[in-house]
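Chain by chain, the residues run as shown.
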Amino acid sequence: MDLDSFLKEISEKYGYDENLQTAIRLTIPLMLERYQGREEDVFRLFREVPILATSDMSKENRKRIEKEMTSGTNEHIEDQEDANPYGSTNDPGAYYSYETIFDEKMDVVGERRWLVVCDIDDKRKDAYQQLFGTTINMPYFIHEINHAFAMQHPTYRKEGNTIYSKHGMYEWVQDYSQSENGKFKLSIVSSEDIIVEEMLNENITQDMLVKLLGVTTRQEVDEKLKEIGHVPTNYRSTLLVLGTRLEEALGRDDLDKWRIDNDLSVRERFSTISNASRVAKTFFPEEDAYQHLGNGAYEVFTLFRKCYTMDITDFGQQLLKTSCEAMAPIFGYQEQMGTKTFDDYVALRKRAIGEEETKDVEASK
(Lines give C-alpha, C1' and ligand atoms only; values in the text may rest on other atoms or scores of the structure.)
Protein backbone atom coordinates (compact mmCIF):
# COMPACT_ATOMS: atom_id res chain seq x y z
CA MET A 1 0.00 0.00 0.00
CA ASP A 2 1.31 3.45 -0.90
CA LEU A 3 2.17 5.23 2.35
CA ASP A 4 1.47 8.73 1.01
CA SER A 5 -2.02 7.77 -0.14
CA PHE A 6 -2.75 6.00 3.12
CA LEU A 7 -1.54 8.94 5.17
CA LYS A 8 -3.73 11.28 3.14
CA GLU A 9 -6.72 8.98 3.69
CA ILE A 10 -6.47 8.83 7.48
CA SER A 11 -5.46 12.50 7.81
CA GLU A 12 -8.58 13.60 5.96
CA LYS A 13 -10.67 11.25 8.09
CA TYR A 14 -9.34 12.47 11.45
CA GLY A 15 -7.97 15.93 10.66
CA TYR A 16 -4.32 15.20 11.43
CA ASP A 17 -1.92 18.14 11.25
CA GLU A 18 1.59 18.03 9.79
CA ASN A 19 3.20 17.20 13.13
CA LEU A 20 1.04 14.13 13.65
CA GLN A 21 1.33 13.09 10.01
CA THR A 22 5.12 13.08 10.40
CA ALA A 23 4.90 10.94 13.53
CA ILE A 24 2.68 8.41 11.76
CA ARG A 25 4.90 8.41 8.67
CA LEU A 26 7.91 7.55 10.85
CA THR A 27 6.07 4.85 12.79
CA ILE A 28 4.28 2.76 10.15
CA PRO A 29 7.46 1.38 8.48
CA LEU A 30 8.80 0.37 11.89
CA MET A 31 5.60 -1.52 12.63
CA LEU A 32 5.49 -3.19 9.22
CA GLU A 33 9.00 -4.50 9.81
CA ARG A 34 8.31 -5.71 13.36
CA TYR A 35 4.92 -7.27 12.65
CA GLN A 36 5.66 -9.04 9.39
CA GLY A 37 2.70 -11.11 8.25
CA ARG A 38 0.33 -8.78 10.14
CA GLU A 39 0.49 -5.83 7.73
CA GLU A 40 -3.28 -5.57 7.33
CA ASP A 41 -3.65 -5.25 11.09
CA VAL A 42 -1.15 -2.37 11.07
CA PHE A 43 -3.15 -0.40 8.49
CA ARG A 44 -6.45 -1.34 10.13
CA LEU A 45 -5.20 0.06 13.42
CA PHE A 46 -4.48 3.50 11.97
CA ARG A 47 -7.79 3.49 10.10
CA GLU A 48 -9.86 2.62 13.15
CA VAL A 49 -8.14 4.32 16.09
CA PRO A 50 -8.20 8.14 16.15
CA ILE A 51 -5.02 9.77 17.44
CA LEU A 52 -5.23 13.05 19.32
CA ALA A 53 -2.21 15.29 19.91
CA THR A 54 -2.34 17.78 22.78
CA SER A 55 0.03 19.73 25.00
CA ASP A 56 -2.49 19.43 27.86
CA MET A 57 -2.26 15.98 29.45
CA SER A 58 -4.05 17.00 32.66
CA LYS A 59 -6.69 14.77 34.21
CA GLU A 60 -9.34 17.34 33.36
CA ASN A 61 -8.44 17.33 29.67
CA ARG A 62 -8.18 13.55 29.61
CA LYS A 63 -11.72 13.30 31.01
CA ARG A 64 -12.93 15.79 28.40
CA ILE A 65 -11.40 13.67 25.63
CA GLU A 66 -12.92 10.50 27.08
CA LYS A 67 -16.36 12.09 27.19
CA GLU A 68 -15.99 13.16 23.56
CA MET A 69 -14.75 9.74 22.42
CA THR A 70 -17.47 7.79 24.22
CA SER A 71 -20.41 10.08 23.52
CA GLY A 72 -23.64 8.14 22.94
CA THR A 73 -22.42 4.85 24.42
CA ASN A 74 -23.22 3.01 27.65
CA GLU A 75 -25.90 5.48 28.73
CA HIS A 76 -27.45 2.66 30.76
CA ILE A 77 -24.28 2.38 32.89
CA GLU A 78 -23.38 4.67 35.78
CA ASP A 79 -20.23 6.75 35.43
CA GLN A 80 -17.32 5.26 37.31
CA GLU A 81 -13.93 6.52 38.34
CA ASP A 82 -11.29 4.73 36.30
CA ALA A 83 -9.00 2.51 38.34
CA ASN A 84 -5.29 3.10 37.73
CA PRO A 85 -3.49 -0.26 37.60
CA TYR A 86 -0.12 1.51 37.87
CA GLY A 87 -0.89 3.16 41.20
CA SER A 88 0.26 6.53 39.83
CA THR A 89 -1.37 9.97 39.87
CA ASN A 90 1.11 11.59 37.45
CA ASP A 91 -0.04 12.94 34.11
CA PRO A 92 1.01 10.51 31.33
CA GLY A 93 3.16 11.45 28.35
CA ALA A 94 0.80 9.48 26.12
CA TYR A 95 -1.84 6.80 26.53
CA TYR A 96 -3.98 4.34 24.63
CA SER A 97 -7.52 4.01 25.94
CA TYR A 98 -10.68 2.08 25.20
CA GLU A 99 -14.19 1.80 26.53
CA THR A 100 -16.08 -1.45 26.30
CA ILE A 101 -19.52 -1.02 24.77
CA PHE A 102 -22.33 -3.00 26.40
CA ASP A 103 -25.87 -3.57 25.21
CA GLU A 104 -28.93 -3.42 27.47
CA LYS A 105 -28.26 -7.00 28.64
CA MET A 106 -24.65 -6.14 29.51
CA ASP A 107 -23.31 -8.23 26.67
CA VAL A 108 -20.16 -6.84 25.05
CA VAL A 109 -20.89 -5.52 21.56
CA GLY A 110 -17.72 -3.56 20.77
CA GLU A 111 -15.21 -0.97 21.90
CA ARG A 112 -14.50 2.72 21.44
CA ARG A 113 -10.74 3.18 21.11
CA TRP A 114 -8.47 6.22 20.94
CA LEU A 115 -4.85 7.25 21.51
CA VAL A 116 -3.60 10.53 22.98
CA VAL A 117 -0.02 11.75 22.64
CA CYS A 118 1.79 14.82 23.92
CA ASP A 119 2.72 17.50 21.41
CA ILE A 120 5.72 19.10 23.11
CA ASP A 121 5.07 22.77 23.84
CA ASP A 122 7.84 23.77 26.23
CA LYS A 123 11.57 24.50 26.11
CA ARG A 124 12.24 21.02 24.66
CA LYS A 125 10.11 21.69 21.57
CA ASP A 126 12.95 22.65 19.23
CA ALA A 127 15.09 19.72 20.38
CA TYR A 128 12.33 17.21 19.61
CA GLN A 129 11.77 18.87 16.25
CA GLN A 130 15.47 18.65 15.41
CA LEU A 131 15.81 15.00 16.41
CA PHE A 132 12.54 13.61 15.03
CA GLY A 133 11.27 16.19 12.56
CA THR A 134 8.14 16.62 14.70
CA THR A 135 7.26 17.97 18.14
CA ILE A 136 5.25 14.84 18.90
CA ASN A 137 6.77 12.86 21.77
CA MET A 138 7.92 10.02 19.52
CA PRO A 139 9.20 7.54 22.16
CA TYR A 140 5.84 7.69 23.96
CA PHE A 141 3.87 7.64 20.72
CA ILE A 142 5.65 4.51 19.50
CA HIS A 143 5.13 2.87 22.89
CA GLU A 144 1.38 3.55 22.92
CA ILE A 145 0.76 2.63 19.29
CA ASN A 146 2.32 -0.77 20.04
CA HIS A 147 -0.10 -1.19 22.94
CA ALA A 148 -2.94 -0.35 20.61
CA PHE A 149 -1.69 -2.88 18.07
CA ALA A 150 -1.37 -5.69 20.61
CA MET A 151 -4.80 -4.93 22.08
CA GLN A 152 -6.87 -4.59 18.92
CA HIS A 153 -8.21 -8.17 19.13
CA PRO A 154 -9.33 -8.34 22.78
CA THR A 155 -11.24 -11.23 24.26
CA TYR A 156 -14.29 -10.97 26.52
CA ARG A 157 -16.16 -13.64 28.46
CA LYS A 158 -19.27 -13.18 30.59
CA GLU A 159 -20.22 -15.61 33.33
CA GLY A 160 -23.27 -14.54 35.30
CA ASN A 161 -22.62 -10.97 36.42
CA THR A 162 -18.87 -11.25 35.94
CA ILE A 163 -16.98 -10.10 32.84
CA TYR A 164 -13.48 -11.32 32.05
CA SER A 165 -11.35 -9.56 29.45
CA LYS A 166 -7.85 -9.74 27.99
CA HIS A 167 -6.05 -6.94 26.13
CA GLY A 168 -2.51 -7.88 25.16
CA MET A 169 -1.06 -9.43 28.30
CA TYR A 170 -3.36 -7.37 30.52
CA GLU A 171 -6.30 -9.24 32.03
CA TRP A 172 -9.00 -7.88 34.27
CA VAL A 173 -12.27 -8.92 35.87
CA GLN A 174 -15.39 -6.80 36.44
CA ASP A 175 -18.67 -7.44 38.24
CA TYR A 176 -21.89 -5.58 37.51
CA SER A 177 -25.13 -4.98 39.38
CA GLN A 178 -28.26 -2.97 38.72
CA SER A 179 -29.02 0.08 40.85
CA GLU A 180 -32.44 1.26 41.99
CA ASN A 181 -32.46 3.85 39.21
CA GLY A 182 -32.28 1.04 36.65
CA LYS A 183 -28.71 1.76 35.59
CA PHE A 184 -25.92 -0.77 35.87
CA LYS A 185 -22.88 -0.31 38.07
CA LEU A 186 -19.53 -1.82 37.08
CA SER A 187 -16.93 -2.71 39.69
CA ILE A 188 -13.38 -3.86 39.07
CA VAL A 189 -12.64 -7.13 40.87
CA SER A 190 -9.04 -7.63 39.78
CA SER A 191 -6.45 -6.65 37.19
CA GLU A 192 -3.32 -8.59 36.39
CA ASP A 193 -0.15 -8.51 34.31
CA ILE A 194 -0.22 -4.89 33.19
CA ILE A 195 3.51 -4.67 33.92
CA VAL A 196 4.22 -7.80 31.84
CA GLU A 197 2.41 -6.04 29.00
CA GLU A 198 4.46 -2.91 29.62
CA MET A 199 7.84 -4.62 29.72
CA LEU A 200 7.20 -6.50 26.47
CA ASN A 201 5.86 -3.36 24.85
CA GLU A 202 8.80 -1.21 25.89
CA ASN A 203 11.20 -3.83 24.51
CA ILE A 204 9.56 -3.43 21.11
CA THR A 205 9.61 0.35 21.50
CA GLN A 206 13.33 0.40 22.23
CA ASP A 207 14.09 -1.77 19.21
CA MET A 208 12.06 0.59 17.02
CA LEU A 209 13.85 3.65 18.42
CA VAL A 210 17.22 2.07 17.59
CA LYS A 211 16.10 1.80 13.96
CA LEU A 212 14.41 5.21 13.88
CA LEU A 213 17.46 7.03 15.23
CA GLY A 214 19.89 5.09 13.05
CA VAL A 215 22.01 3.80 15.93
CA THR A 216 23.05 0.29 16.93
CA THR A 217 22.41 0.07 20.69
CA ARG A 218 19.77 1.04 23.21
CA GLN A 219 22.43 2.92 25.16
CA GLU A 220 22.89 5.22 22.17
CA VAL A 221 19.11 5.78 22.15
CA ASP A 222 19.27 6.72 25.82
CA GLU A 223 22.07 9.20 25.15
CA LYS A 224 20.22 10.93 22.30
CA LEU A 225 16.99 11.16 24.30
CA LYS A 226 18.83 12.49 27.35
CA GLU A 227 20.30 15.26 25.21
CA ILE A 228 16.83 16.61 24.39
CA GLY A 229 15.53 16.35 27.95
CA HIS A 230 13.26 13.37 27.32
CA VAL A 231 11.83 11.82 30.49
CA PRO A 232 12.01 8.02 30.17
CA THR A 233 9.36 5.60 31.40
CA ASN A 234 9.78 3.39 34.46
CA TYR A 235 9.84 0.29 32.26
CA ARG A 236 13.59 0.24 31.92
CA SER A 237 16.70 -1.75 32.84
CA THR A 238 15.61 -4.82 34.79
CA LEU A 239 12.09 -4.96 33.31
CA LEU A 240 13.55 -4.80 29.82
CA VAL A 241 15.90 -7.66 30.70
CA LEU A 242 12.91 -9.67 31.93
CA GLY A 243 11.04 -9.00 28.72
CA THR A 244 14.03 -9.89 26.58
CA ARG A 245 14.62 -13.13 28.49
CA LEU A 246 10.97 -14.14 28.18
CA GLU A 247 11.03 -13.54 24.43
CA GLU A 248 14.28 -15.47 24.08
CA ALA A 249 12.83 -18.39 26.04
CA LEU A 250 9.51 -18.65 24.20
CA GLY A 251 10.45 -17.24 20.82
CA ARG A 252 8.92 -14.11 19.30
CA ASP A 253 6.27 -15.95 17.29
CA ASP A 254 4.83 -17.78 20.29
CA LEU A 255 4.98 -14.69 22.45
CA ASP A 256 3.05 -12.74 19.79
CA LYS A 257 0.49 -15.54 19.55
CA TRP A 258 -0.07 -15.28 23.29
CA ARG A 259 -0.08 -11.48 23.47
CA ILE A 260 -1.78 -10.50 20.22
CA ASP A 261 -3.79 -13.57 19.17
CA ASN A 262 -4.80 -14.55 22.73
CA ASP A 263 -3.48 -18.10 22.36
CA LEU A 264 -3.44 -19.04 26.04
CA SER A 265 -1.95 -22.45 25.28
CA VAL A 266 1.42 -20.66 25.08
CA ARG A 267 1.00 -19.43 28.66
CA GLU A 268 -0.17 -22.84 29.84
CA ARG A 269 2.79 -24.52 28.20
CA PHE A 270 5.20 -22.01 29.75
CA SER A 271 3.82 -22.59 33.25
CA THR A 272 3.56 -26.37 32.91
CA ILE A 273 7.14 -26.70 31.72
CA SER A 274 8.58 -24.21 34.21
CA ASN A 275 6.62 -25.66 37.15
CA ALA A 276 8.22 -29.06 36.52
CA SER A 277 11.75 -27.66 36.84
CA ARG A 278 14.11 -28.00 39.75
CA VAL A 279 14.29 -24.19 39.90
CA ALA A 280 10.53 -23.99 40.47
CA LYS A 281 10.41 -26.81 42.99
CA THR A 282 13.25 -25.24 44.94
CA PHE A 283 12.52 -21.51 44.82
CA PHE A 284 8.76 -21.06 44.23
CA PRO A 285 7.13 -24.44 44.88
CA GLU A 286 3.73 -23.07 45.93
CA GLU A 287 3.18 -20.65 43.06
CA ASP A 288 2.36 -20.99 39.36
CA ALA A 289 5.33 -20.01 37.20
CA TYR A 290 3.60 -17.30 35.18
CA GLN A 291 1.91 -15.87 38.27
CA HIS A 292 5.31 -15.71 39.94
CA LEU A 293 6.76 -13.90 36.92
CA GLY A 294 3.89 -11.38 36.79
CA ASN A 295 4.06 -10.68 40.51
CA GLY A 296 7.82 -10.30 40.33
CA ALA A 297 7.62 -7.86 37.42
CA TYR A 298 5.14 -5.72 39.35
CA GLU A 299 7.41 -5.73 42.41
CA VAL A 300 10.34 -4.54 40.27
CA PHE A 301 8.19 -1.75 38.81
CA THR A 302 6.99 -0.70 42.27
CA LEU A 303 10.54 -0.65 43.56
CA PHE A 304 11.65 1.67 40.73
CA ARG A 305 8.81 4.04 41.58
CA LYS A 306 10.10 4.25 45.17
CA CYS A 307 13.79 4.51 44.31
CA TYR A 308 14.11 8.24 45.01
CA THR A 309 12.88 7.76 48.58
CA MET A 310 15.35 4.96 49.35
CA ASP A 311 18.99 4.77 50.32
CA ILE A 312 20.87 3.95 47.12
CA THR A 313 22.59 0.91 48.64
CA ASP A 314 19.31 -0.49 49.96
CA PHE A 315 17.66 0.14 46.61
CA GLY A 316 20.43 -1.65 44.73
CA GLN A 317 20.29 -4.68 47.02
CA GLN A 318 16.50 -4.90 46.87
CA LEU A 319 16.51 -4.50 43.10
CA LEU A 320 18.97 -7.37 42.67
CA LYS A 321 16.94 -9.62 44.93
CA THR A 322 13.55 -8.75 43.42
CA SER A 323 14.85 -9.06 39.87
CA CYS A 324 16.43 -12.41 40.57
CA GLU A 325 13.20 -13.73 42.08
CA ALA A 326 11.21 -12.52 39.06
CA MET A 327 13.64 -14.23 36.69
CA ALA A 328 13.23 -17.67 38.29
CA PRO A 329 10.27 -18.93 36.16
CA ILE A 330 12.13 -18.10 32.95
CA PHE A 331 15.20 -20.00 34.15
CA GLY A 332 12.90 -22.86 35.15
CA TYR A 333 11.46 -23.00 31.64
CA GLN A 334 14.93 -22.84 30.10
CA GLU A 335 16.17 -25.53 32.47
CA GLN A 336 13.52 -27.91 31.19
CA MET A 337 14.19 -26.92 27.56
CA GLY A 338 17.91 -27.56 28.00
CA THR A 339 19.12 -24.00 27.33
CA LYS A 340 19.94 -23.19 30.98
CA THR A 341 20.73 -25.29 34.03
CA PHE A 342 19.67 -25.25 37.66
CA ASP A 343 23.25 -24.30 38.54
CA ASP A 344 23.04 -21.29 36.21
CA TYR A 345 20.17 -19.91 38.25
CA VAL A 346 21.81 -20.74 41.58
CA ALA A 347 24.91 -18.85 40.44
CA LEU A 348 22.74 -15.84 39.56
CA ARG A 349 21.07 -15.96 42.98
CA LYS A 350 24.40 -16.13 44.77
CA ARG A 351 25.60 -13.02 42.94
CA ALA A 352 22.34 -11.14 43.48
CA ILE A 353 21.08 -12.31 46.86
CA GLY A 354 24.01 -13.90 48.61
CA GLU A 355 25.33 -17.40 49.03
CA GLU A 356 24.03 -17.98 52.56
CA GLU A 357 20.40 -17.09 51.76
CA THR A 358 20.52 -19.25 48.66
CA LYS A 359 21.86 -22.18 50.68
CA ASP A 360 19.09 -21.67 53.27
CA VAL A 361 16.40 -21.94 50.59
CA GLU A 362 17.98 -24.99 49.00
CA ALA A 363 18.40 -26.71 52.36
CA SER A 364 14.76 -26.23 53.26
CA LYS A 365 13.55 -28.21 50.21
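What you see is a predicted model, and the numbers here were worked out from it, not measured in a lab.

Definitions and cut-offs
- Residues numbered from 1 in each chain as written.
- Predicted model: local features only at pLDDT ≥ 70, side-chain atom pairs only at ≥ 80, totals over all residues.
- Heavy atoms only, no water.
- Salt bridge = Lys/Arg side-chain N within 4 Å of Asp/Glu carboxyl O.
- Helix = DSSP H or I, 4+ residues; strand = E, 2+ residues; numbered from the N terminus.
- Buried < 20%, exposed > 50% of the residue type's maximum accessible area, 1.4 Å probe, protein only.
- Phe/Tyr/Trp six-rings, centres within 6.5 Å; stacked < 30°, edge-to-face > 60°.
- Lys NZ or Arg CZ within 6 Å of the ring centre and 35° of its normal.

Engineer: For this particular structure, what's the right way to read the pattern of salt bridges?
Structural biologist: Charged atoms that come close allow side chains of opposite charge to pair. Tallying each qualifying case throughout the model produces 19 salt bridges. Measuring nitrogen to oxygen at the nearest pair gives 2.7 Å for the salt bridge that ties Arg47 to Glu9. Taken together, the positions of Arg47 in helix H3 (residues 39-48) and Glu9 in helix H1 (residues 3-14) put the pair 38 residues apart, joining distant regions of the chain. Here the residues in one salt-bridge network are Asp254, Lys257 and Arg269, joined through shared partners.

Engineer: How do you make sense of unusual backbone geometry when you look at a structure like this?
Structural biologist: What you tend to see is this: most non-glycine residues have negative phi, and most peptide bonds are trans. Even without a glycine there, the phi angle at Asn74 is positive, about 50°. For Asn74, the location among the structural elements is in the loop between helix H4 (59-69) and strand S2 (94-102). The exposure class of Asn74 is buried, given its relative accessible area of 12%. At Asp193, a residue that is not glycine, the phi angle is positive and equals roughly 70°. Checked against the element boundaries, Asp193 lands in the loop between strand S7 (184-192) and helix H7 (194-212). Given a relative accessible area of 14%, Asp193 falls into the buried group.

Engineer: What is the right way to read the packing of aromatic side chains from this model?
Structural biologist: The geometry of an aromatic ring pair is captured by two quantities: the separation of the ring centres and the angle between the planes. Per the counting criterion, the structure on display carries 14 aromatic pairs. Considering the side-chain rings of Phe331 and Tyr345, the 5.3 Å spacing of their centres and the 50° angle between planes classify their relative orientation as tilted. Residue Phe331 is found in helix H14 (residues 312-337), and its partner Tyr345 is found in helix H15 (residues 342-352); the two are separated by 14 residues along the sequence. In this structure, Phe331 and Tyr345 share a single accessibility class: buried. Among the aromatic side chains, those forming a connected cluster through ring pairs are Phe283, Phe331, Phe342 and Tyr345. Here the basic side chain of Arg157 rests over the ring of Tyr164, its NZ or CZ set 4.2 Å away from the ring centre. Taking NZ or CZ as reference, Arg278 lies 3.8 Å from the ring centre of Phe342, over its face.

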